[in-house]
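# Examining the three-dimensional arrangement
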Amino acid sequence: MLILKKSVLFRKIASLLLCIAFFVPGTVCRAQERNYHMSGIYTYYVLDELKKEISICAIDSTEKKIIVPSELDGYRVCALGYESYAYDNYENFQEMGGKMKEHMEELVIPTSVRTVWAFAFKECKRLSKVSLPEGITLGYASFSGCNNWKDIVLPYNTICEESALPSDHVDTLQISNSIMGENIFFGVIQKMILSVKKDTVFSLAVPWVSVTVKQLISPKDATKLMFNFSDGESRVEKLYVNGKQTKIEANAEARMGYVAEGYVTFGEIYTIEGAETIRFAKKNKIKYHVKRTAEVKKVIRKKKADTFLHTWKKAKTTILSCRFDKERKTWKKSTKKVPTVYEIYGRKGKKGKYQRIGTTKQKKVKTKYKYVKVKSVNEWDV
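Residues numbered from 1 in each chain as written. Predicted model: local features only at pLDDT ≥ 70, side-chain atom pairs only at ≥ 80, totals over all residues. Heavy atoms only, no water.

### Let's talk about the nonpolar core
This is how the line gets drawn: Only buried residues count toward a nonpolar core. Its members are Ala, Val, Leu, Ile, Met, Phe, Trp, Tyr and Cys residues joined through side-chain atoms within 4.5 Å. Only protein chains enter the accessibility calculation, which uses a 1.4 Å probe; a residue is then buried when its area is under 20% of its type maximum, exposed when over 50%, and partly exposed in between. Whether two residues are in contact is decided by their heavy atoms, any of which lying within 4.5 Å being enough.
Within the largest apolar cluster, 69 residues are counted, with the highest numbers of intra-cluster contacts made by Phe121, Phe143, Trp208 and Phe227. Dropping the residues within four chain positions of it, Phe227 is found in contact with Leu204, Ala205, Trp208, Leu216, Val236, Leu239, Ile248, Glu249, Ala250, Asn251, Val264 and Phe266. Within the second largest apolar cluster, 9 residues are counted, among which are Trp312, Val365, Tyr369 and Val372.

### Here we look at the pairing of strand E13 (residues 169-175)
It is a general feature of regular strands that their side chains alternate between the two faces of the sheet. The condition is simple: We treat two strands as partners when DSSP finds at least two bridges between them. Each helix is a run of H or I in the DSSP string that is no shorter than four residues. Each strand is a run of E no shorter than two, and both are numbered from the N terminus.
Sheet topology places strand E11 (residues 151-154) next to E13; 4 bridges connect them, and they run parallel. By the bridge assignment for E13, Leu154 is matched with Ile175. The pairing of E13 with strand E14 (residues 185-194) spans 6 bridges and is classified as parallel. Within E14, the position partnered with Gln174 by the bridge is Ile193.

### Some points on the confidence of the model for the protein chain
Going by this rule: Per residue, pLDDT captures the predictor's confidence, and it can take any value from 0 to 100.
In the predicted model, the protein chain carries a mean pLDDT of 89, and 90% of its residues have values of at least 70. Below pLDDT 50 for its whole length, residues 1-32 participates in 34 contacts with residues either more than four positions away or in separate chains.

### Observations concerning the environment of Ala79
Looking at where Ala79 falls in the secondary structure, it is placed in strand E6 (residues 75-80). Taking C-alpha positions, Ala79 is 5.7 Å from Val116, a pair spaced 37 residues apart along the chain. Those residues in contact with Ala79 that sit more than four places away from it in its chain are Leu47, Ile54, Ser55, Ile56, Val113, Thr115 and Trp117.

### Focus on the sheet that holds strand E22 (residues 299-304)
Worth spelling out the cut-off: Axis lines are fitted to C-alpha atoms, over the contacting stretch for helices. Their N-to-C directions set the angle, which ranges from 0 to 180 degrees.
Judged by pairing direction, the sheet is antiparallel, and its 3 strands sit side by side in the order E22-E23-E28 without closing on themselves. Every interior strand has two partners, whereas the edge strands, E22 and strand E28 (364-367), have only one. The average angle at which neighbouring strand axes cross in this sheet is 20°, direction not considered. As defined by bridge partners, E22 adjoins strand E23 (residues 307-312) across 6 bridges and the pair is classed as antiparallel. Bridging across to E23, Ile300 finds its partner in Thr311.

### Description of a positive patch on the surface
Selection criterion: Patch definition: residues above 30% relative accessible area lacking any salt bridge, with like charges linked at up to 9 Å and the nonpolar side chains Val, Leu, Ile, Met, Phe, Trp and Tyr linked at up to 5 Å. Computed by Shrake-Rupley with a 1.4 Å probe, the accessible areas treat only the displayed protein chains as cover when residues are assessed. Here, a salt bridge means any Lys or Arg side-chain nitrogen found within 4 Å of an Asp or Glu carboxyl oxygen. For the purpose of counting charges, residues Lys and Arg are taken to be positive, whereas Asp and Glu are taken to be negative. His and the chain ends are not included. For this purpose, a charge sits on NZ of Lys, CZ of Arg, CG of Asp or CD of Glu.
The grouping of Arg301, Lys303, Lys350 and Lys370 at the surface amounts to a positive patch. Along the chain, Lys303 turns up in strand E22. Residue Lys303 is classed as exposed on the basis of its relative accessible area, which comes to 56%.

### Some points on the sheet that holds strand E27 (residues 355-360)
Backbone-to-backbone hydrogen bonds join strands into a sheet, with any given pair of strands oriented parallel or antiparallel. Read across the open sheet, the 3 strands follow the order E27-E26-E29; overall the sheet is antiparallel. In this open sheet, the two strands that pair with only one neighbour each are E27 and strand E29 (371-376). Strand-to-strand twist across the sheet, computed as the mean angle between neighbouring axes with direction ignored, equals 25°. Pairing of strand E26 (residues 342-347) with E27 involves 5 bridges; the strand directions are antiparallel. Paired with Glu343 across the strands is Thr359, a residue of E27.

### Brief notes about unusual backbone geometry
Here Phe119, not a glycine, exhibits a phi torsion of approximately 70°, which is positive. Within the element layout of this structure, Phe119 appears in the loop between strand E8 (115-116) and strand E9 (129-131). Look at Phe119 and you get buried, because its relative accessible area is 15%. Although it is not a glycine, Ala305 adopts a positive phi angle of roughly 55°. Residue placement: Ala305 occurs in the loop between E22 and E23. Owing to a relative accessible area of 65%, Ala305 belongs among the exposed residues under this scheme.

Here it is, written out as structure tokens:
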């Protein structure tokens, strides 16, 4: 059986792509000499004259918030920074110029931008908020050292190259697709939130290097979470799985024919009644908690002046906790009751769509809506 380390495999793939780039005319189009132009606070160069595409390489501004334009001088802004590729010599990479590095705290990137080149915003120490468009590629170390950017939202189809993001300590990380680059996340991620837009399968551990995720929250429509090909020892302390059909796969490298360079362990798993995840927890003897919530059966309406008071009987919520006793080789179980969270929907007439009003832990709600639906929330709210 052929056995390759992950990094060796990726390097072989990169080498193959590089060979293709050399032998297929027009695959790589790079200007040997650049002509720079200025437009207000921006300096740019032309990427493609026929397509009217440019890259901004300097922002000469002391403003705290920078909103990058989608067009300059009739050209479409498609990139930020100096053109670079993964196989380039890192010593040739350049950071963006201008005064923005010392002053910028918030960066808004338009939907026209497809690429942030290597080193573009490296070491922007004040930067704490970045708005990214869908389908963007973040080049090598493009935001490394931006350690004030602690709440990171990566939109759908974001591609990250090595060390593209700040890696010291992340408070929240939101993703809606698998992030497949290597050596992207290090240290501690306090909360990782998955959201389903198109992809329901998430490959999560490939970019991890000895990462500790304090909380990882998976939505009910995710179908599979994969924790394979991590570098070093990574750990998910609390994994919340809100989907009944969500399957978990971890540390499958050996079974797939690769040498494991690391592994992922789990502290506790939180899920719902009848979930596939329970099998994974039992098989790997991981402590798990199962949330069970009864349904609201009937809502009573009373007219109160210009509003309506809706009441209902309490729906019970219990949590079953299971821990494996290694000495006795049995599972120890315990249950406890917790307050039920109710989600409220309302509409004014008999017909039409219900609108979400909000949530409450009380058994009543006062609202302008004559007709109300109440659902007990079974998902874990963290």
